[in-house]
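Coordinate analysis (summary)
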Amino acid sequence: MGKNREAEEQYRSVWQNGREGKYGNLHYEIVALGLGDLLRSERNYPAAATAYEMVADIQVPDPELLQKANLYAGEMYDQLQKRDLAMKRYEAVVATNANNSEARRPGAG
């Protein structure tokens with residue numbers, strides 16, 4: 001606690017390094033989920049949704065991470081009362097894998 005700004009800077013730094021190819025084939029998109037979770041904990045829902053959406057910017061993201069990011073982005077859009085955007089994210093969750101726990105969470109399925 002109390003070091004959220006530092007943590008946010010670190011997440012963004014790792015994200016940028018990943019975008020620049022410094023991690024090879026490692027799935028650095030997990031930092032977008034961490035950043036989104038941090039911003040969500042601060043109730044900064046617009047920024048959290050943006051962070052979760054960053055996972056989709058990866059050329060070949062880990063499917064499970066992408067599914068979680070879509071779910072969490074949908075939840076943020078629901079918090080922001082942007083149901084149309086939330087539904088698009090939930091549809092992407094189900095399209096990835098309709099048979100896992102993420103797809104069965106309220107809102108997604």
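Here the structure is a predicted model, which is why all the values come from computation and not from measurement.

Regarding helix H3 (residues 45-53)
Taken as a whole, H3 has its buried residues at Tyr45, Ala48, Ala49, Ala51 and Tyr52. Each buried residue of H3 sits inside an arc of 160 degrees when the element is viewed along its axis, so together they form one side. On the buried face of H3, the contacting elements are helix H2 (30-41) and helix H4 (63-79).

A few points about the side chain of Glu8
Along the chain, the position of Glu8 falls in helix H1 (residues 4-19). Aside from chain neighbours lying at most four places away, what touches Glu8 is Leu35, Leu38 and Leu39.

Some points on the environment of Leu33
Within the fold, Leu33 resides in helix H2. Judged by its relative accessible area of 8%, Leu33 is buried. In this structure, the C-alpha to C-alpha distance between Leu33 and Ala73, residues 40 residues apart in sequence, is 9.8 Å. Once residues within four sequence positions are removed from consideration, Leu33 is found in contact with Tyr52, Leu65, Lys68, Ala69 and Tyr72.

Quick notes on the pattern of salt bridges
Scanning the entire structure with this criterion turns up eight salt bridges. Glu42 serves as the salt-bridge partner of Arg5, at 2.9 Å between the closest nitrogen and oxygen. Placement of Arg5 in helix H1 and of Glu42 in the loop between H2 and H3 is noted, with a sequence separation of 37 residues between them. Residue classification places Arg5 among the partly exposed residues on the basis of a relative accessible area of 46%. Taken together, the shared-partner salt bridges connect Arg5, Glu8, Arg12 and Glu42 into one network.

Thresholds applied
Residues numbered from 1 in each chain as written. Predicted model: local features only at pLDDT ≥ 70, side-chain atom pairs only at ≥ 80, totals over all residues. Heavy atoms only, no water. Buried < 20%, exposed > 50% of the residue type's maximum accessible area, 1.4 Å probe, protein only. Helix = DSSP H or I, 4+ residues; strand = E, 2+ residues; numbered from the N terminus. Arc of directions from axis to C-beta. Contact = heavy atoms within 4.5 Å. Salt bridge = Lys/Arg side-chain N within 4 Å of Asp/Glu carboxyl O.

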